[in-house]
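Commentary on secondary and tertiary structure
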Amino acid sequence: MQFDMKSLAPADRYRLLVNTVTPRPIAWVVSRNADGLLNAAPYSFFNVLGSEPPLCVLGIGQRAEGDPKDTARNIVESGEFTVNLVGEHDTRIMVDTAAEAPRDVSEIDVLGITTRPASLVSTPLIASAPAALECRLWKPIDTGGNFTIILGEILALHIGDEFLSGPDDRPRVDTEAMGLVGRAFGAGGYIRNKDTFEEARVGWPVPDRG
Ligand SMILES: Cc1cc2nc3c(=O)[nH]c(=O)nc-3n(C[C@H](O)[C@H](O)[C@H](O)COP(=O)(O)O)c2cc1C
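Residues numbered from 1 in each chain as written. Predicted model: local features only at pLDDT ≥ 70, side-chain atom pairs only at ≥ 80, totals over all residues. Heavy atoms only, no water.

To keep things clear, this is the line we draw: UniProt positions are given in the numbering used here, feature names are shortened, and annotations may be inferred rather than shown by experiment.
If you look the protein chain up in an unreviewed UniProt entry, it shows as Flavin reductase like domain-containing protein from Croceicoccus marinus. Taken from UniProt, the Sequence similarities (unreviewed entry) comment for the protein chain reads in full: "Belongs to the flavoredoxin family." Taken verbatim from the UniProt record of the protein chain, the Cofactor (unreviewed entry) comment is "FMN".

This is the structure in structure tokens:
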């Protein structure tokens, strides 16, 4: 069956897309408003997009009343944010930060999320995150619809020492040990980043598989 996006209502497009394009990594984004209030919220329209410059992307919708979400507003105003990757141990509290808190309430304070300072931006990192990105706004894109696309330049990557081994100039990352979770499908489905398998890449011409 083919679904023509133009003939679908936005809510149906959303439901079909998020239940098909899976799994998606989750950015647990910390941002700061003009009064200094810290905000945390998860975003699974998220990925990294390149390494020169190193960019990441967030797709941020609007609140029910059509206002921008705090994260989009804060990033555009302050020009920075942090992306914290989510370990399974933080899944519950990460989902709690998706509740639409009033604008003058900090999820970080109310839910008791421990942060630690970043080094290149003033927005802190979530202390329990196995890995995190310090980001500067690179380009906001107004899609003309109800989404804002945030392109962020990744200024620094943090990885917990316990997940690194080998030489400092070419460390090995033990991704599996980080226990990261991603967004799967359904209203509240998550996936553990563990069920992987290997396929080696080959040069051209590819070997005869017959
Ligand atoms: C796992 C997860 C992923 C989410 N991904 C997105 C997303 O990619 N884009 C979006 O607009 N909202 C997403 N949401 C909903 C926002 O987190 C929610 O609207 C939140 O209240 C926004 O908070 P803010 O206004 O403080 O930024 C997601 C929620 C969850 C639980």
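Don't stop here, the text continues.
**So, the sheet that holds strand 4 (residues 46-51)**
The test is simple: Here the rule is simple: two strands pair whenever DSSP picks up at least two bridges between them. The secondary structure listing takes helices from DSSP runs of H or I that are at least 4 residues long and strands from runs of E that are at least 2 residues long, numbered from the N terminus. All axes here are fitted lines through C-alpha atoms, helices being fitted over the stretch that makes contact, and every angle between N-to-C directions spans 0 to 180 degrees.
Pairing in this open sheet of seven strands is antiparallel, and the strands run 3-2-6-9-10-5-4 from one edge to the other. One side of each edge strand has no neighbouring strand; the edge strands of this open sheet are strand 3 (38-43) and strand 4. Across this sheet, the average inter-strand angle for adjacent strands is 30°, counted without regard to direction.

**Observations regarding helix 2 (residues 70-78)**
Applicable threshold: Burial status follows relative accessibility: with a 1.4 Å probe on protein chains alone, a residue under 20% of its type maximum counts as buried, one over 50% as exposed, and anything between as partly exposed.
Within the span of helix 2, buried status applies to Asp70, Thr71, Ala72, Asn74 and Ile75. Two residues or fewer after helix 2 comes Gly79, characterised by a positive phi angle close to 80°.

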